[in-house]
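The lines below spell out each chain.
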Amino acid sequence: MNIIEKLYCRVFQTCFRIAIPILPYRNPEVMSSEKEIADVLKSKKITSVLVVTDESLYKLGLLEKLKQELKAADVSYTVYDKTVANPTIANVEEAREQYIENKCNAIIGFGGGSSMDCAKAVGARIVKPKQSIPKMKGILKIHKRLPLFIAVPTTAGTGSETTLAAVITDGETRHKFPINDFPLIPHYAVLIPEVTKGLPPFITATTGMDALTHAVEAFIGRSTTKETRSYALEATKLIFGNIEKVYKNGNDMEARKNMLYASFLAGKAFSKSYVGYSHAVAHSLGGKYNTPHGLANAVLLPYVLEAYGETIYDKLKKLAVAGGLVTEETEAADAAKRFIRKIRELNASMGIPEKLSGIRREDIPELAVHAAKEGNPLYPVPRLMTAKELESFYFAVGEFEEETQ
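Residues numbered from 1 in each chain as written. Predicted model: local features only at pLDDT ≥ 70, side-chain atom pairs only at ≥ 80, totals over all residues. Heavy atoms only, no water.

Caption draft 1: Representation of the overall build of the protein. Of regular secondary structure, the protein possesses 15 helices and nine strands. The globule rule puts the C-alpha radius of gyration for 405 residues at 22 Å, and the 20 Å found for the protein is close to it. In terms of principal-axis extent, the alpha carbons of the protein reach across some 60 × 50 × 45 Å. Of all 405 residues assigned to the protein, the portion counted as buried reaches 60%. Of the contacts formed within the protein by residues at least 6 apart in sequence, a portion of 79% connects residues at least 24 apart. Total accessible area on the protein is roughly 17,100 Å²; 52% of this is exposed by carbon and sulfur atoms. (Helix = DSSP H or I, 4+ residues; strand = E, 2+ residues; numbered from the N terminus. Rg over C-alpha atoms; globule rule 2.2 N^0.38 Å. Buried < 20%, exposed > 50% of the residue type's maximum accessible area, 1.4 Å probe, protein only. Contact = heavy atoms within 4.5 Å. Areas by Shrake-Rupley, 256 points an atom, 1.4 Å probe, with all protein chains shown as cover.)

Next comes the structure, spelled out in structure tokens:
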């Protein structure tokens, strides 16, 4: 990257870092049960609510308790359950129409990051009916307060219940649109470990590694605060202490509770301090091939950390100490390498592959361009990289067929 581009990126990031104390961030109020949801809706005189979820969660019956509590509180509801893994513009528009048709005045996002991203975008389209999703791409495009928005995470990973971010995919071009605006932060986050109980072990693993990626990328970036560093360190400690437990025993509710809280903390960390190139590359893979976001981050993270090199050794040491991997006496370089090795060991122990299938060599230049556009200048990464440099990550994690002679 040439000096002018670097200077532009760093000045842009510095401006945002300086502005953190005065920007309108807010922490969602935390609830812990479906009854509290119903009570809040009733107290705020909500008459009808749109619940955004996906078909699998609906069929599993995870919404039954919520539906019962809403009925008991005399709150009408309608359920949109067609959200796909990487929610599309079509999902958002369908759910928006359902909201309008049923005269709703509140939204509940119930599910993983996809359901909550879709719910956030629905809220944005409700208050900005003349602005399309592509025009909301980027930052500071939404200035109006969303309808009352409650987020119920069913995975311990995305942290979407506390973030200002939503990622929507154009179903035709497969390009992703990251939307980052303060009104998208949910008003309430509902942390119920029991709703994560039915997660398959592999999803538990990949979403947990997604939360770790949030904590790590927020911590090693150049726009941290004392608060976000504290969140990231605590999240890392909780994830290292609980992710394998809950992977091996899905009924370990204490471990599930700890993972859900770790995801919440990591979400609060990256809401203010942002993420990095792991996410930028993962988003491009999700848009193009529908690669699950947590899986992509889990596979990419060690490669990206290695590429940052010694610029992050001291910070990785602090994370390694928090995770119980090393002591304060350990050399920074050794601690950093131990931390990266631990990520690979966690992946291997939970059946997460070292490579990602489906990546086509001919797509890589275009994918890298999209990743660079997302990451630069917004993400305050330790070392800036061009699209050409980002191509190396796709080659590193791609599972390519042997070329014939």
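Caption draft 2: Fine view of the environment of threonine 173. Here threonine 173 lies in the loop between strand 7 (165-169) and strand 8 (176-180). Along the primary structure threonine 173 and glycine 287 are separated by 114 residues, whereas in three dimensions their C-alpha atoms are 8.6 Å apart. Polar contacts involving the side chain of threonine 173 include one to the main-chain amide nitrogen of histidine 175, which spans 3.2 Å. (Polar contact = N/O pair within 3.5 Å; in protein donor to acceptor, adjacent residues only side chain to side chain.)

Caption draft 3: Expanded view of the pattern of salt bridges. Per the counting criterion, the structure on display carries 13 salt bridges. Between arginine 344 and glutamate 306 there is a salt bridge, and its shortest N-O distance comes to 2.7 Å. You can see arginine 344 sitting in helix 13 (residues 332-349) and its partner glutamate 306 sitting in helix 11 (residues 293-308), a full 38 residues away along the chain. Classification of glutamate 306 by relative accessible area gives partly exposed; the value is 42%. Measuring nitrogen to oxygen at the nearest pair gives 2.9 Å for the salt bridge that ties arginine 360 to aspartate 363. (Salt bridge = Lys/Arg side-chain N within 4 Å of Asp/Glu carboxyl O.)

Caption draft 4: Region of interest: the packing of aromatic side chains. For the coordinates displayed, the defined rule picks out seven aromatic pairs. Seen from their ring centres, phenylalanine 240 and phenylalanine 339 are 5.6 Å apart, and the 40° between their planes marks the pair as tilted. Here the residue phenylalanine 240 occupies a position in helix 8 (residues 226-248), and phenylalanine 339 occupies one in helix 13, the gap between them amounting to 99 residues. By relative accessible area, which is 0% here, phenylalanine 339 ends up buried. Between tyrosine 277 and tyrosine 308, the ring centres sit 6.5 Å apart and the planes meet at 35°, which makes this aromatic pair tilted. Linking tyrosine 277 in helix 10 (residues 277-289) with tyrosine 308 in helix 11, this pair joins segments that are 31 residues apart in sequence. (Phe/Tyr/Trp six-rings, centres within 6.5 Å; stacked < 30°, edge-to-face > 60°.)

Caption draft 5: Inspection of helix 13 at higher detail. Here helix 13 contains 18 residues, and its C-alpha end-to-end distance of 25 Å stays within 8% of the 26 Å for a straight helix at 1.5 Å per residue. Every buried residue of helix 13 is listed here: Ala332, Ala335, Ala336, Phe339, Ile340, Lys342, Ile343, Leu346 and Asn347. Buried residues of helix 13, viewed axially, fall in a sector of 145°; they line one side. For helix 13, the secondary structure elements touched by its buried residues are helix 7 (201-220), helix 8, helix 11 and helix 12 (313-322). Immediately downstream of helix 13, the backbone of glycine 351 shows phi near 75°, a positive value. (Expected span 1.5 Å × (residues − 1). Arc of directions from axis to C-beta.)

Caption draft 6: Here's a closer look at the sheet that holds strand 7. If you walk across this open sheet you meet the three strands as 5-8-7, and the pairing is mixed. In this open sheet, the two edge strands, each paired with only one partner strand, are strand 5 (138-139) and strand 7. Bridge count for strand 7 against strand 8 is five bridges, and the pairing is antiparallel. Bridging from a neighbouring strand, alanine 166 pairs with isoleucine 179 of strand 8. (Pairing = 2+ DSSP bridges.)

Caption draft 7: Geometry of the packing of helix 7 against helix 9 (residues 253-273). Relative orientation of the contacting elements helix 7 and helix 9 amounts to 35°, with a least axis distance of 8 Å. When you trace helix 7 past helix 9, the crossing you get is left-handed. Here Thr204, Gly208, Ala211, His214, Ala215 and Ala218 of helix 7 lie close against helix 9, whose contacting residues are Arg256, Met259, Ser263, Ala266, Ala269, Phe270 and Ser273. The residue makeup of the contact of helix 7 with helix 9, split by class, is seven nonpolar, five polar and one charged. (Axes fitted to C-alpha atoms, helices over the stretch in contact; angles between N-to-C directions. Left-handed = near helix turned anticlockwise from the far one by under 90°. Nonpolar A, V, L, I, M, F, W, Y, C, P; charged D, E, K, R; others polar.)

Caption draft 8: Main features of the pairing of strand 6 (residues 148-153). Strand 6 sits mainly inside the fold: six of its six residues count as buried. Residues of strand 6 alternate between two faces, with Leu148, Ile150 and Val152 on one and Phe149, Ala151 and Pro153 on the opposite face, all of them buried. As paired elements, strand 4 (residues 106-111) and strand 6 share six bridges and run parallel to each other. Looking across to strand 6, one finds that alanine 106 is bridged to leucine 148. Where strand 6 lies against strand 9 (residues 188-190), two bridges are found, and the strand directions are parallel. Paired with alanine 151 across the strands is alanine 189, a residue of strand 9.

Caption draft 9: Summary view of the packing of helix 7 against helix 10. Running from N to C, helix 7 and helix 10 point in directions that differ by 140°, and their axes come no closer than 9 Å. Classed by the angle they form, the pair helix 7 and helix 10 counts as oblique. Taking contact as the criterion, the partners of Asp210, Thr213, His214 and Glu217 in helix 7 are, on helix 10, Tyr277, Ser278 and His279. For the contact of helix 7 with helix 10, the per-class residue count stands at one nonpolar, four polar and two charged. (Parallel < 35°, antiparallel > 145°, perpendicular 65-115°, else oblique.)

Caption draft 10: Inspection of the side chain of lysine 128 at higher detail. Structurally, the position occupied by lysine 128 is in the loop between helix 6 (113-127) and strand 5. Buried within the structure, lysine 128 lacks any salt-bridge partner; aspartate 181 is the closest side chain of opposite charge, at an N-O distance of 8.8 Å. Residues contacting lysine 128, with those up to four places away along its chain left out, are Met136, Lys141, Ile142 and Lys144. (Lys, Arg positive; Asp, Glu negative; His and termini not counted.)

Without other data, these values stay purely geometric and don't point to any function.
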